[in-house]
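# An overview of the molecular structure
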Amino acid sequence: MPNKFQIPWSKPSIDNEEVEAVNQVIKSGWLTQGKITYEFEQKLSEYLSSNVVTVNNGSSALACALLAHGLKPGDKVLIPNFTFFATYSIPKMLGADVVLADVDESTLNITPEIVEKIVKTQDIKMVIVVDVAGLPVDIDAFSELSNRYKFILIEDAAEALGSEYKNKKIGSFNHTSTFSFHAAKQITTGEGGCISSNDEKIMKKIAQIRDQGRSTSGEYIHSEIGSNFRTTDIQSAIGIEQLKKIESFLESRNKIAAEYKNNLKDVSFQQIPNYVSRHSFMIFFAIAENQEMRNKHLDTLKSNQVDARISWLPLHSQPVNEKFSNNEYPKSENIYNNSLTLPIYNLMTSEEIKFVLDSWS
């Protein structure tokens with residue numbers, strides 16, 4: 001569907017290199033997961049200094065991670081109330097008893113303090129932390145909590161490829177992290193995603209789960225319960241070319257974020273703690289003093305053909321989640337009511353940034 005806005009909310013950066021790489025795969029006659037996907041995994045592993053398995057999307061990445069860590073129906077999984085719906089729907093579809101936690105209003109992320117209050121009193125098997133908009137959570141603090149309270153830590157880093165915690169890339173730690181390569185992300189394969197961890201045993205299990213539970217494609221010996229979460233060499237060819245450009249993409253996103261922060265009036269922004277050495281700005285949040293002011297900015301931007309958006313409806317307010325509707329999550333509600341997200345994409349030009357700023361009211 002064509003974008004009706006002069007300035008879209010996001011736009012993938014696909015050039016001749018990606019087109020030629022796809023053509024080469026098509027000419028090879030091998031379109032599904034194969035040697036090009038293996039090459040993409042190797043390059044991602046080098047980038048993240050970790051073990052990587054690619055899959056067909058970020059939701060599949062999360063499903064594979066949860067299954068590999070032994071999630072069973074009825075297990076309690078704690079997640080932030082303010083996140084994209086897949087963080088909730090995947091554990092729920094796998095039979096988990098999902099527990100929601102409010103988030104910090106300044107970072108938009110869940111905090112160790114919030115999690116500790118819950119894991120102290122409930123038998124939580126897994127905690128899924130989310131790097132909202134690409135901003136890393138406090139990994140050291142969560143890792144310490146995980147060891148102390150004996151829960152499995154999973155990081156939903158779908159929005160955080162290229163972000164860094166204490167000068168170390170998200171995805172390079174011992175716990176399992178999941179990423180997305182959707183068209184709006186820092187790099188894209190159209191759809192797509194990956195899982196990373198330094199735990200080789202877990203990664204071997206994830207690779208089997210991805211491929212119908214078997215160790216070797218083309219054979220029919222299945223040692224795990226799995227499904228078809230495979231990506232394709234077509235997507236991986238795009239990913240290889242995209243990964244070559246990630247540093248320039250991240251520099252561009254940080255430049256756009258700086259321009260917004262320096263020039264937008266009457267709003268605040270996602271606070272970046274000292275432990276964050278790089279924010280990859282997959283999304284840019286602007287937070288108004290109240291809903292009336294937010295709506296005023298939003299209406300003006302849209303009337304000027306700028307695709308600004310309201311963020312995710314908190315999970316407790318989703319129509320499918322009536323059982324949570326009487327629970328109180330005031331910080332998530334404040335973020336939803338008062339914030340909007342602005343266009344940000346890798347090849348956004350100075351003229352396009354200026355157009356957004358000139359359209360601000």
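In this text the structure is predicted, and so the values were computed from the model without any measurement. (Residues numbered from 1 in each chain as written. Predicted model: local features only at pLDDT ≥ 70, side-chain atom pairs only at ≥ 80, totals over all residues. Heavy atoms only, no water.)

## Remarks on the environment of Phe-284
With respect to the element layout, Phe-284 can be found in strand β12 (residues 284-288). A relative accessible area of 2% means that Phe-284 is categorised as buried. Look past the residues within four positions of Phe-284 in its chain and what remains in contact with it is Ala-257, Tyr-260, Lys-261, Leu-264, Phe-269, Leu-340, Thr-341, Leu-342 and Ile-344. (Helix = DSSP H or I, 4+ residues; strand = E, 2+ residues; numbered from the N terminus. Buried < 20%, exposed > 50% of the residue type's maximum accessible area, 1.4 Å probe, protein only. Contact = heavy atoms within 4.5 Å.)

## Examining the sheet that holds β12
What the three strands build is an open sheet, ordered β10-β12-β13; its pairing is antiparallel. Looking at the sheet topology across the chains shown, the edges are occupied by β10 (267-269) and β13 (339-342). Between one strand and the next, the sheet's axes are offset by a mean angle of 35 degrees, whatever the strand orientation. Its contacts with the sheet place helix α10 (residues 291-303) against β10, β12 and β13, and it is angled at close to 25 degrees to β13. The strands touched by helix α11 (residues 330-338) within the sheet are β12 and β13, with β13 carrying the most contacts at an inclination of about 55 degrees. (Pairing = 2+ DSSP bridges. Axes fitted to C-alpha atoms, helices over the stretch in contact; angles between N-to-C directions.)

## Some thoughts on the sheet that holds strand β3 (residues 97-101)
Sheet strands pair by backbone hydrogen bonding; their relative direction is either parallel or antiparallel. With mixed pairing, the seven strands of this open sheet are ordered in space as β1-β9-β8-β5-β4-β2-β3. Of all strands in the sheet, those bounded by a partner on one side alone are β1 (51-55) and β3. For this sheet, the mean inter-axis angle between neighbouring strands, taken without regard to orientation, is 20 degrees. Inspection of the sheet shows β1 paired to strand β9 (residues 193-197) by five bridges, in the antiparallel sense. Opposite Val-53, over in β9, you have Ile-195 as the bridge partner. Contacting β1, β8 (176-180) and β9, helix α2 (residues 35-48) crosses the sheet at an angle of about 135 degrees to β1. Sheet strands touched by helix α4 (residues 86-93): β2 (76-80), β3, β4 (126-130) and β5 (152-156). Its angle to β3, the strand with the most contacts, is close to 155 degrees.

## Some remarks on the pattern of salt bridges
Scanning the model with the defined rule gives 15 salt bridges in all. Between Arg-230 and Asp-211 there is a salt bridge, with the nearest N and O atoms lying 2.5 Å from each other. Taken together, the positions of Arg-230 in the loop between α7 (200-210) and α8 (233-244) and Asp-211 in the loop between α7 and α8 put the pair 19 residues apart, joining distant regions of the chain. Put simply, Asp-358 and Lys-354 hold a salt bridge, and the shortest N to O gap is 2.8 Å. Taken together, the residues span about one helical turn, with Asp-358 and Lys-354 both in helix α12 (residues 350-358) at a distance of four residues. The burial state of Asp-358 is the same as that of Lys-354; both residues are exposed. One network of salt bridges, in which partners are shared, links Glu-17, Glu-18 and Lys-245. (Salt bridge = Lys/Arg side-chain N within 4 Å of Asp/Glu carboxyl O.)

## Here's the deal with the state of the cysteines
One covalent bond between the sulfur atoms of two cysteine residues makes up a disulfide. In the structure shown here, the tally under the stated rule is zero disulfides. Its sulfur unpaired, Cys-64 is 11 Å from the next cysteine sulfur, which belongs to Cys-194. Take Cys-64: its relative accessible area is 0%, and that puts it in the buried class. (Disulfide = S-S within 2.5 Å.)

## Let's talk about the pairing of β12
Of all five residues making up β12, five are buried, and the element is well covered by its neighbours. With burial as the criterion, each face of β12 is covered, one bearing Phe-284, Ala-286 and Ala-288 and the other bearing Phe-285 and Ile-287. As paired strands, β10 and β12 are joined by three bridges and run antiparallel to one another. Bridge pairing links Phe-269 to Ala-286 in β12. In this structure, β12 lies alongside β13, joined through four bridges in antiparallel fashion. By the bridge assignment, Ala-286 is partnered in β13 with Leu-340.

## So, the environment of Ile-206
Tracing the backbone through its elements, the reader meets Ile-206 in helix α7. Residues Ile-206 and Asp-138, 68 residues apart in the sequence, show an inter-C-alpha distance of 25 Å. Sequence-distant contacts of Ile-206, that is, excluding residues within four places in its chain, are made with Val-53, Cys-64, Ala-65, Ala-68, Thr-176 and Ile-195.

## A word on unusual backbone geometry
Backbone geometry places Lys-150, a non-glycine residue, at a positive phi of 60 degrees. Positive phi outside glycine occurs at Asn-167, with the angle close to 65 degrees. With respect to the element layout, Asn-167 can be found in the loop between β6 (164-165) and β7 (168-169). Residue Asn-167 is classed as exposed on the basis of its relative accessible area of 65%.

## As for the nonpolar core
Counting 50 residues, the largest nonpolar core has Leu-78 and Val-115 as its most contacted members. Secondary structure elements with two or more residues in this core: α2, β3, α5 (112-119), β4, α6 (139-149), α8, α9 (246-263) and β12. Considering each element in turn, this core owes the most residues, four residues, to α2. For Val-115, the contacting residues outside a window of four places in its chain are Leu-78, Ile-110, Val-127, Phe-142, Leu-145 and Phe-151. Core analysis: the second largest hydrophobic core is formed by 23 residues, Ile-256, Phe-284, Leu-301 and Leu-342 among them. (Core = buried A, V, L, I, M, F, W, Y, C linked by side-chain atoms within 4.5 Å.)

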